[in-house]
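Structural overview for review
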Amino acid sequence: MLSVIAVGGAVGAGARYEAGQLWPTDSSAFPWTTLGVNAVGCLIIGVFLVVVTEVWLVHPLLRPFFGTGVLGGFTTFSTYCADIERLVAQERAGTALAYLVVTVVAAMAAVTIGVAAARRALVGRRQ
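Cut-offs used in this document
- Residues numbered from 1 in each chain as written.
- Predicted model: local features only at pLDDT ≥ 70, side-chain atom pairs only at ≥ 80, totals over all residues.
- Heavy atoms only, no water.
- Helix = DSSP H or I, 4+ residues; strand = E, 2+ residues; numbered from the N terminus.
- Buried < 20%, exposed > 50% of the residue type's maximum accessible area, 1.4 Å probe, protein only.
- Contact = heavy atoms within 4.5 Å.
- Areas by Shrake-Rupley, 256 points an atom, 1.4 Å probe, with all protein chains shown as cover.
- Lys, Arg positive; Asp, Glu negative; His and termini not counted.
- Charge placed at Lys NZ, Arg CZ, Asp CG, Glu CD.
- Salt bridge = Lys/Arg side-chain N within 4 Å of Asp/Glu carboxyl O.
- UniProt positions renumbered as here; feature names shortened; annotations may be inferred.

Across its full length, the protein holds five helices and zero strands. Moving toward the C terminus, one meets the helices and strands of the protein in the order α-α-α-α-α. If you line up the protein on its principal axes, its C-alpha atoms span 55 × 30 × 20 Å. For the protein, buried positions account for 33% of its 127 residues. A separation of at least 24 residues holds for 74% of the contacts in the protein among residues at least 6 apart in sequence. As displayed, the protein offers around 7500 Å² of accessible surface, 70% of which is attributable to carbon and sulfur atoms. Once the 8 positive and 6 negative side-chain charges of the protein are each reduced to a mean point, those two points are 18 Å apart.

What follows is the structure, given as structure tokens:
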């Protein structure tokens, strides 16, 4: 199980790294890339969990590989915390607070939208 999660985590971390390369964020800028990666990851986890818990029977290692590994490696709430600390150190406490709140709201909204969209799209396809 641990090996499956580790491989998934490496895949997810690689994808997150590539997102940072495609959309670099200057250290003095608002961390849009991290916010986007976390929101997209939460949207995907919402869809994924509906599919693997309510629709299809899947291999028992798929959930730890993709949910914990890939999406855990892709989303980056540790970088989110480091970004907040960096913004505060730059004396941008207001921006740090806004980022703190917007990220949590975006993540919760994204997972909720992912769950609702998956359920709507997959109605009648349950096995």
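There's more to say after this.
Under the defined criterion, the tally for this structure stands at two salt bridges. Here R119 ties to E54 by a salt bridge, and the two come within 2.5 Å at their closest N and O atoms. One end of the pair, R119, is in helix α5 (residues 93–122); the other, E54, is in helix α2 (residues 32–55), with 65 residues separating them in the sequence. One salt bridge connects D83 with R86, and the closest N-O pair in it is separated by 3.6 Å. Of the two residues, D83 and R86 are both situated in helix α4 (residues 77–89); the distance of three residues between them amounts to about one turn of the helix. Each member of the pair D83 and R86 is classed as buried.

Moving on: the UniProt feature "binding site: Na(+)" (unreviewed entry) in the protein. Mapped onto the present numbering, the UniProt feature "binding site: Na(+)" (unreviewed entry) falls on G72 and T75. With respect to the element layout, G72 can be found in helix α3 (residues 62–74). Examined against the element boundaries, T75 turns out to sit in the loop between α3 and α4. T75 sits in the buried class, given a relative accessible area of 14%. With residues up to four places along the chain from it excluded, the contact list for T75 reads R16, V37, N38, G41 and C42.

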